[in-house]
Amino acid sequence: MTVKKITDRISWVGAIDWDRRLFDELIPLPDGTTYNSYLVKGNEETALIDTVDPTKKETLFNNLMNAGVEKLDYVVVNHGEQDHSGTLPSLLEKYPECRIVTNSKAEDILTEHLELDEARFKIIGDKDQIDLGGTTLEFGLIPWVHWPDTQYTLAIEEKTLFTCDFLGHHYATEQLFNNDKCHYENSAKRYFAEIMMPFKSRARKNLQKIKEIEHDVDVIAPSHGPLHNQPEQIIGYYEKWTSDKLENKVIIPYVSMHGSTEIMVQHLTNALTERDIEVKPMHITNTDIGDIAKELVDTATIIIGSPTVLGGAHPKALYIAYLANALKAKANYASIIGSYGWGSKIVDQIADTVSSLNLELIEPKIIKGKPTKKDLKLIEEMAEKIKEKHKNDPKIN
Ligand SMILES: Cc1cc2nc3c(=O)[nH]c(=O)nc-3n(C[C@H](O)[C@H](O)[C@H](O)COP(=O)(O)O)c2cc1C
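- Looking at an unreviewed UniProt entry, the protein carries the name Flavorubredoxin, with the source organism given as Methanonatronarchaeum thermophilum.

### As for the site of the ligand
So, point 1. Inspection of the region around the ligand gives 16 residues, with S256, M257, T261, G311 and S339 positioned closest.
So, point 2. At a separation of 3.0 Å, a nitrogen atom of the ligand approaches a polar backbone atom of L310.
So, point 3. At a separation of 2.8 Å, an oxygen atom of the ligand approaches a polar backbone atom of G343.
So, point 4. With the chains in place, 79% of the 640 Å² that the ligand exposes on its own is no longer accessible.
So, point 5. Secondary-structure elements contributing two or more residues to the shell around the ligand are helix 8 (260-274), strand 19 (299-309) and strand 21 (333-340).
So, point 6. The dominant element in the shell around the ligand, judged by the number of residues it contributes, is strand 19, at 3 residues.

### Observations concerning the environment of A331
So, point 1. Its place among the elements puts A331 in the loop between helix 10 (315-326) and strand 21.
So, point 2. Residue A331 is classed as buried on the basis of its relative accessible area, which comes to 4%.
So, point 3. Apart from residues lying up to four places away in sequence, A331 is in contact with L246, T299, A300, T301, I302, N358 and L359.

### Section: empty space enclosed by the protein
So, point 1. In the structure shown here, the tally under the stated rule is 4 cavities of 30 Å³ or more.
So, point 2. Its volume calculated, the largest cavity comes out at about 80 Å³.
So, point 3. Along the walls of the largest cavity sit I302, I304, A321, A324, A334, S335, I336, I350, V354, L357, L359 and L361, which together make up its complete lining.
So, point 4. Within the residue set of the lining of the largest cavity, elements represented by two or more residues are strand 19, helix 10 and strand 21.
So, point 5. Grouping the amino acids of the lining of the largest cavity by side-chain chemistry returns 11 nonpolar, 1 polar and no charged.
So, point 6. A volume near 70 Å³ is recorded for the second largest cavity.
So, point 7. Along its surface, the second largest cavity is lined by I27, P28, L29, P30, D31, H170, S187, R190, Y191 and E194.
So, point 8. Mapped by element, the contributors of at least two residues to the lining of the second largest cavity are strand 5 (27-28) and helix 5 (181-196).

### Notes on the nonpolar core
The tendency in soluble globular proteins is for nonpolar side chains to be buried side by side.
So, point 1. Core analysis: the biggest nonpolar cluster contains 78 residues, and L48, L64, L91, F166 and Y238 have the highest contact counts within it.
So, point 2. With 7 residues, the single largest contributor to this core is helix 5.
So, point 3. Apart from residues lying up to four places away in sequence, Y238 is in contact with F166, L167, G168, Y191, F192, M196, R204 and L207.

### Some points on the packing of helix 10 against helix 11 (residues 346-353)
In helix packing, the relevant descriptors are the interaxial angle and the interaxial distance, both defined with respect to the helix axes.
So, point 1. One way to put it is that helix 10 packs onto helix 11 with a least axis distance of 8 Å and a crossing angle of 25°. Between helix 10 and helix 11, the angle falls in the class roughly parallel. Facing L318, A321, Y322 and N325 of helix 10, the residues of helix 11 in contact are Q349, I350 and T353.

Conventions used here
Residues numbered from 1 in each chain as written. Predicted model: local features only at pLDDT ≥ 70, side-chain atom pairs only at ≥ 80, totals over all residues. Heavy atoms only, no water. Near = heavy atom within 4 Å. Polar contact = N/O pair within 3.5 Å; in protein donor to acceptor, adjacent residues only side chain to side chain. Areas by Shrake-Rupley, 256 points an atom, 1.4 Å probe, with all protein chains shown as cover. Helix = DSSP H or I, 4+ residues; strand = E, 2+ residues; numbered from the N terminus. Buried < 20%, exposed > 50% of the residue type's maximum accessible area, 1.4 Å probe, protein only. Contact = heavy atoms within 4.5 Å. 1 Å grid on protein atoms, 1.4 Å probe; cavity = no way out; pocket = protein on both sides within 12 Å on 5 of 7 lines; lining within 4 Å. Points joined across faces, edges and corners; volume = space filled by probe spheres on them. Nonpolar A, V, L, I, M, F, W, Y, C, P; charged D, E, K, R; others polar. Core = buried A, V, L, I, M, F, W, Y, C linked by side-chain atoms within 4.5 Å. Axes fitted to C-alpha atoms, helices over the stretch in contact; angles between N-to-C directions. Parallel < 35°, antiparallel > 145°, perpendicular 65-115°, else oblique.

This is how it looks when you write it as structure tokens:
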């Protein structure tokens, strides 16, 4: 691991976690991740912007040693979650003169979670500045992306904006900057879906605040993944993802124990394709839930496919409905297809689970046993109904 120079006065001193495959015991990380920590030097003082996950603290300390840091004046905490702040107790022990610079919401979270001494804090508010000697740090409060405590830090003269989780993505690489546009759009969208989509109106507002910063910004430096040296690119993506625009697209997360639901899914997939609608059947058992989350950013319709199990939906189908609801999927329409043997409450159960989404429910098709030709005709009717809805909806491209 090495120290990587970003500008004359800023270096990356974080850690790469190539092997991490799950975040928050929930989010799959197919590409690992990084914990970005940045060293900012002034003529008189030195600051560290965020730390790293505690499992990587030795990497951070080695990097600080390699960067020749003997005295650290400030550690700026842009967000109190432990993957950025968990190394603080050890850091404060190692650098006894170091003060924590953060907002009052983050202070509350940090003192509760990490038992830090309140005397070590320097609390900042919106637009407050710290002069390190020719290098000025300016802070901006951008709450709820994705905790109530989030803020940005701008190194004014260096034209570098540190946004912590906001505008980040999980992608382990030695490259300092994004240079694989295709892969990067994919991982940034997936990250947006999993972390930021539940707060999309706050994300949009905070994006606007960042766009209105009165100083030049050449580099956006988030706390996960490579940095953005073309800030307009990630800002453009977030403008799209936080808008209410949707694609002419249907996703069908489904599960089927004995094949009946699957026949319906295949038939619906074909019927939608024939009607020029993009469709993605996603077998829940075999699909990374991050991929499903990513589709929820712009898919216009969600169809959940499930057999009946113990009176209700299959637990895996119910989990996806729960996830769509929790992540605040942007879709305008939903329906349910599936099969039962003798009696089913799938529809009520799934509809209840997605009740906080503003969805129009297209009439579900729950059939007894294996679908007949007549049943499959009903599936074609569903495809036709979806086509009509999409065609007449001004929010759908
Ligand atoms: C473990 C298990 C529990 C089931 N519970 C119910 C039930 O409570 N009500 C019902 O109508 N059918 C129930 N069934 C029957 C299935 O819903 C039915 O066979 C259906 O056609 C399966 O669809 P699939 O082929 O897509 O898996 C159950 C089946 C299994 C294997």
